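Each chain, letter by letter, is given below.
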Amino acid sequence: MAEISILGAGGFTGKELLSLLSHQSTHEVVHITSDKLAGKTLSEVFPEIPFPKNLTFHKHEDAVPKKSLVVLAVPNEVSIESAPKFLDAGHKVIDLSGVYRLHNQEILEKSYKLKHTKFSYVDKAVFGIPEIFRDKLTGADFVSNPGCFSTSVILPVFLLNELRKNLKPRIIADSKSGVSGAGGRTEDAGFSYTGVYENFRAYKILTHQHEPEIQEYIYTNSGLKEPEVLFVPHLLPVFRGILSTIFVEFETEPAVDPMQVLLDSSKNEPFIRILKSPEEIELKKVQNTNFLDISLRKRGNTLVVVSALDNLVKGAAGQALQNINLMTGTKETVGLLP
């Protein structure tokens with residue numbers, strides 16, 4: 001059994017992880033923090049979560065139990081300093097922020113609009129998409145949990161396997177997200193639910209921080225240079241879920257059926273579901289699950305891939321629990337499948 005401390009347990013992803021952990025008995029949450037909620041009990045704040053222990057929220061700076069696995073669900077600036085502190089103290093760490101994902105410091109600092117004072121620790125982190133980096137994640141000490149948009153784009157293209165070598169080096173991704181995947185709490189009022197009700201718009205066009213993340217990891221293990229990525233997110237008037245439409249072009253007609261490649265490459269993946277047609281991909285089929293649904297259609301040398309996931313689960317807390325399981329030698333599906 002792993003003991004888990006969650007810093008930032010009062011936020012969207014922290015709460016989601018608490019909810020997932022409340023339905024299993026393999027791991028034990030021993031410490032939760034929130035500066036705003038410090039002193040309140042879990043049952044006071046989240047009475048809907050059937051947690052076996054009525055933990056009390058601590059402040060972020062309070063001592064964390066020794067040997068506990070630390071999950072950082074805190075702002076980027078806090079993670080920069082906190083992750084190295086806990087790693088140096090001997091804790092395993094999962095960071096849900098974006099500040100340990102990118103290996104180019106200039107791009108990272110530009111994307112996240114901050115100065116990274118602990119950049120040497122980036123090389124210690126494993127990028128936490130289990131379907132791609134399972135071997136490195138097993139027993140890992142430091143995991144940088146991927147972005148929700150990034151997961152919805154990187155994984156479908158990764159699963160095309162050898163077909164990636166026949167793609168033109170430009171990928172266009174059009175993604176739609178509910179408010180919980182687009183800020184909602186820390187950005188301007190336009191990202192609140194009242195700001196999106198009866199509304200729909202694009203935002204951070206060609207400037208979103210997940211664009212360089214997609215670019216760095218989308219051709220992992222292919223031997224190819226990073227492609228040009230054009231990424232445009234949109235804000236939906238719903239709370240949770242991301243649907244991405246990805247456009248790629250083949251250099252020449254592929255010799256094999258892309259759908260069959262998807263089926264073959266995902267057959268042993270418990271959280272990947274390949275649907276028969278892209279029109280079947282819907283947010284309601286993945287909401288409150290750790291599944292990533294994918295389908296595609298080819299016309300000539302153009303391939304359109306559609307994916308959907310829950311940004312709070314497979315896009316954040318669920319993927320973090322997959323990683324917790326791998327880091328601690330636990331069956332990967334614990335807490336995520338019956």
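All of these numbers come straight from a predicted model, not from anything done at the bench.

Attention now goes to the packing of helix H5 (residues 130-137) against helix H10 (residues 313-327). Remark: H5 packs on H10, axes separated minimally by 10 Å, with the N-to-C direction vectors making an angle of 30°. In this view, H5 runs roughly parallel relative to H10, as classed from their interaxial angle. For the crossing formed where H5 meets H10, the hand is right-handed. Together, Pro-130, Glu-131, Arg-134 and Leu-137 of H5 and Lys-314, Gln-319, Gln-322, Asn-323, Leu-326 and Met-327 of H10 make up the contact between the two elements. Among the residues forming the contact of H5 with H10, the class breakdown is four nonpolar, three polar and three charged.

In this section: the sheet that holds strand E13 (residues 292-299). Sheet architecture is open: seven strands sit in the order E9-E10-E8-E11-E14-E13-E12, paired in mixed fashion. Of all strands in the sheet, those bounded by a partner on one side alone are strand E9 (201-202) and strand E12 (272-274). As defined by bridge partners, E12 adjoins E13 across three bridges and the pair is classed as parallel. Its bridge partner lying in E13, Arg-273 is registered against Asp-293. Across the sheet, helix H6 (residues 148-158) lies against strand E8 (170-177), strand E10 (228-235), strand E11 (242-249), E12, E13 and strand E14 (302-309), angled at about 40° from E11, the strand it touches most. The strands that helix H9 (residues 258-266) touches are E12, E13 and E14; relative to E13, the one it contacts most, it runs at about 155°.

To continue, consider the pairing of strand E2 (residues 27-33). With respect to burial, E2 is a largely interior element, five of its seven residues being buried. As judged from the six bridges shared by strand E1 (residues 2-7) and E2, these two strands associate in the parallel manner. Considered in E2, the bridge of Ile-4 is made with Val-29. Relative to strand E3 (residues 57-58), E2 runs parallel, the two sharing two bridges. Of the residues in E3, the one forming a bridge with Thr-33 is His-58.

Now for unusual backbone geometry. The backbone phi angle of Lys-113 is positive, close to 55°, even though this residue is not glycine. Tracing the sequence through the fold places Lys-113 in the loop between helix H4 (105-112) and strand E6 (126-127). For Lys-113, a relative accessible area of 71% corresponds to the exposed category. Phi at Asn-221 takes a positive value of approximately 65°, unusual for a residue other than glycine. Its location among the elements puts Asn-221 in the loop between helix H8 (210-217) and E10. Its relative accessible area of 62% is what places Asn-221 among the exposed residues.

Quick look at the nonpolar core now. Formed by 77 residues in total, the largest nonpolar core has its most connected members in Ile-6, Leu-18 and Ile-32. Lining this core are residues from two domains, each supplying at least three of them: domain 1 (2-145 + 316-328) and domain 2 (149-309). Ignoring any residue separated from it by four or fewer positions in sequence, one finds Ile-6 in contact with Gly-14, Leu-17, Leu-18, Leu-21, Val-29, His-31, Ile-32, Thr-33 and Val-71. Membership of the second largest hydrophobic core comes to 21 residues, among which are Val-74, Phe-86, Val-93 and Val-122.

Mapped onto the present numbering, the UniProt feature "domain: Semialdehyde dehydrogenase NAD-binding" (unreviewed entry) falls on residues 3-140. Secondary structure content for residues 3-140 is 31% helix and 17% strand, and the end C-alpha separation is 16 Å.

Here we take up the sheet that holds E2. Spatial ordering of the open sheet is given by E3-E2-E1-E4-E5-E7-E6, a layout of seven strands whose pairing is parallel. At either end of the open sheet lies a strand with only one pairing partner, and these are E3 and E6. Set on the sheet, helix H3 (residues 76-88) makes contact with E1, strand E4 (69-72), strand E5 (93-95) and strand E7 (142-144); between it and E4 the angle comes to about 175°. Against the sheet, H10 makes contact with E1, E2, E4, E5 and E7, and its axis sits at roughly 160° relative to E5, the strand it touches most.

One can read the domain layout of the chain as domain 1 (2-145 + 316-328) and domain 2 (149-309). Computed from C-alpha atoms alone, the centre-to-centre distance between domain 1 and domain 2 is 24 Å. Both sides of the domain 1 and domain 2 interface together cover about 1800 Å² of buried area, and 59% of this is carbon and sulfur. Counting across the domain 1 and domain 2 interface gives three salt bridges.

Conventions used here
- Residues numbered from 1 in each chain as written.
- Predicted model: local features only at pLDDT ≥ 70, side-chain atom pairs only at ≥ 80, totals over all residues.
- Heavy atoms only, no water.
- Axes fitted to C-alpha atoms, helices over the stretch in contact; angles between N-to-C directions.
- Helix = DSSP H or I, 4+ residues; strand = E, 2+ residues; numbered from the N terminus.
- Parallel < 35°, antiparallel > 145°, perpendicular 65-115°, else oblique.
- Left-handed = near helix turned anticlockwise from the far one by under 90°.
- Contact = heavy atoms within 4.5 Å.
- Nonpolar A, V, L, I, M, F, W, Y, C, P; charged D, E, K, R; others polar.
- Pairing = 2+ DSSP bridges.
- Buried < 20%, exposed > 50% of the residue type's maximum accessible area, 1.4 Å probe, protein only.
- Core = buried A, V, L, I, M, F, W, Y, C linked by side-chain atoms within 4.5 Å.
- Domains from an automatic or database assignment.
- UniProt positions renumbered as here; feature names shortened; annotations may be inferred.
- Buried area = accessible area lost by both parts, 1.4 Å probe.
- Salt bridge = Lys/Arg side-chain N within 4 Å of Asp/Glu carboxyl O.

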